[in-house]
Amino acid sequence: MQLTALGLLLAAAMMHTTWNLLVKRAKEKQVFIWCSLIAGIIIFSPLLLTSPISLISIWPFLISSAFVEAIYYITLIRAYENGDFSLVYPMARGAAPAFLLVWATFFLGERPRIFGIVGILLLVFGLIVVGGKAWWTLRKASGLSKSALTLALGVACCISIYTAIDGAAVHQVSPLPYTVLVIALPTVFITPVVVKRYGTDAILEEWRVNWIRIVLVGLFTLLAYILALKAYSITRVSYAGSVREISVVFAAFVGWRWLGENFGVIRLVGSIFIFVGILVIAFIG
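Residues numbered from 1 in each chain as written. Predicted model: local features only at pLDDT ≥ 70, side-chain atom pairs only at ≥ 80, totals over all residues. Heavy atoms only, no water.

Enquirer: Could you clarify how one ought to interpret the overall build of the protein chain in this entry?
Expert: Scanning the protein chain from N- to C-terminus turns up ten helices and zero strands. Within the protein chain, contacts between residues at least 6 apart in sequence are counted, and of these 89% link residues at least 24 apart. For the protein chain, the exposed area adds up to about 12300 Å²; of that, 73% sits on carbon and sulfur atoms. (Helix = DSSP H or I, 4+ residues; strand = E, 2+ residues; numbered from the N terminus. Contact = heavy atoms within 4.5 Å. Areas by Shrake-Rupley, 256 points an atom, 1.4 Å probe, with all protein chains shown as cover.)

Next comes the structure, spelled out in structure tokens:
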């Protein structure tokens, strides 16, 4: 893997962890993230002028990716409402590479080398260790932990699908205008759901109270995705999508350090497996 791609993915992972942390702390999370997406689209809308893009040639990518991303955002919010940040985030982000490996192999024609597969397996195992501890501990308390696990795996499936779609798209168009369009469409899709469920008063109140954090999340969301898509355009999508998940190590640490969630030896060991898997993918695979 090129060092440029690795650097882009590490930066994207840090930004992704940051905006997920800010969303977790929001009161009305679905309203918060919807407002953030709108803010991000407005901030980055000038990118639509940077490179000509043929909607005729890429509309299948845009529509399908946007639809899956709309499901992703809704499922992610539900997952955070049912489980710890340091459980949901690692399971959601870390299980995705296993799904992505399948899609990239069969639909993108990628053939990862043996060390690449080993690295992905190490990463996924680390995720099972990191996220599985919390689920196992909470399993007798209520059904919420099981719901969070199911939702997190649903998020992982969505991530893998739209990553494969977008990875194919950025080999045909510039990642800059494509990112704005592919984020704008799911925002349009979820708008009726948000407005109907919460009403304009709740939306305006969320903006009034949290507008600074909303703008920051919008900024980080789109910038992180721009960096990731740029990496997808210069390296294997299955590898890049896996390396990007180093954010789970950042997330587990953040959940422990700032949200008062338990970390412990088991999550530390799992994080090490994730980190080693990413190193194998990046430098050997």
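We are not done yet, so read on.
Enquirer: What is the right way to look at the pattern of salt bridges in this model?
Expert: Think of it this way: side chains of opposite charge can pair up when their charged atoms draw near. Under the criterion given, the structure shown has one salt bridge. A salt bridge links R208 to E205; its shortest N-O distance comes to 2.7 Å. With R208 and E205 both in helix α7 (residues 175-234), this residue pair falls three residues apart, about one helical turn. (Salt bridge = Lys/Arg side-chain N within 4 Å of Asp/Glu carboxyl O.)

Enquirer: Help me understand α7, please; the structure alone is not making it clear to me.
Expert: Along an α-helix, a turn takes 3.6 residues, which lines up residues three or four apart on a common side. For α7, built from 60 residues, the straight-helix expectation of 88 Å at 1.5 Å per residue is missed by more than 12%, its first-to-last C-alpha distance being only 11 Å. At G199, α7 shows its maximal bend, which comes to roughly 95°. (Expected span 1.5 Å × (residues − 1). Bend = angle between axes of the 7 residues up to and from the residue.)

Enquirer: Would you mind going over the nonpolar core with me for this structure?
Expert: Burial of nonpolar side chains together is a common tendency in soluble globular proteins. Ranked by size, the top nonpolar core spans 86 residues in total, and within it W19, V23, Y72 and Y178 carry the most contacts. When neighbours within four sequence positions are excluded, W19 is seen to be in contact with I33, Y72, Y73, L76, V217, F220 and T221. (Core = buried A, V, L, I, M, F, W, Y, C linked by side-chain atoms within 4.5 Å. Buried < 20%, exposed > 50% of the residue type's maximum accessible area, 1.4 Å probe, protein only.)

Enquirer: When you look at a nonpolar patch on the surface in this model, what are you seeing that I'm missing?
Expert: A surface patch of nonpolar side chains, about 800 Å² in accessible area, is lined by L3, I114, F115, V118, F275, L279, F283 and I284. Tracing the backbone through its elements, the reader meets L3 in helix α1 (residues 3-24). A residue is classified by how much of its surface remains accessible, and L3, at 63% relative accessible area, is exposed. (Patch = residues over 30% accessible without salt bridge, like charges linked within 9 Å, V, L, I, M, F, W, Y side chains within 5 Å.)

Enquirer: Hey, could you run me through the packing of helix α2 (residues 29-44) against α7 in this one?
Expert: The relative placement of two packed helices is expressed as an angle between their axes plus a distance between the axes. In the contact formed by α2 and α7, the axes pass within 8 Å of each other and the chain directions differ by 50°. Judged on the interaxial angle alone, α7 and α2 are oblique. For the contact of α2 with α7, the residue count by class is 25 nonpolar, eight polar and three charged. (Axes fitted to C-alpha atoms, helices over the stretch in contact; angles between N-to-C directions. Parallel < 35°, antiparallel > 145°, perpendicular 65-115°, else oblique. Nonpolar A, V, L, I, M, F, W, Y, C, P; charged D, E, K, R; others polar.)

Enquirer: Looking at this model, I keep getting lost on the environment of L108. Mind explaining?
Expert: Mapped onto the fold, L108 is located in the loop between α4 (85-107) and α5 (114-138). The exposure class assigned to L108 is partly exposed, which follows from its relative accessible area of 30%. Excluding residues that lie within four positions of it along the chain, L108 makes contacts with W103, A164, A168 and V237.

Enquirer: Help me understand the packing of aromatic side chains, please; the structure alone is not making it clear to me.
Expert: Here a ring pair, both rings aromatic, is described through the centre-centre distance and the interplanar angle of the planes. Under the definition given, this model contains four aromatic pairs. Measuring from ring centre to ring centre gives 6.0 Å for Y162 and Y225, while their planes differ by 65°; the resulting arrangement is edge-to-face. Taken as a pair, Y162 in helix α6 (residues 144-169) and Y225 in helix α7 lie far apart in primary sequence, 63 residues in all. Here Y162 matches Y225 in class, with each residue buried. (Phe/Tyr/Trp six-rings, centres within 6.5 Å; stacked < 30°, edge-to-face > 60°.)

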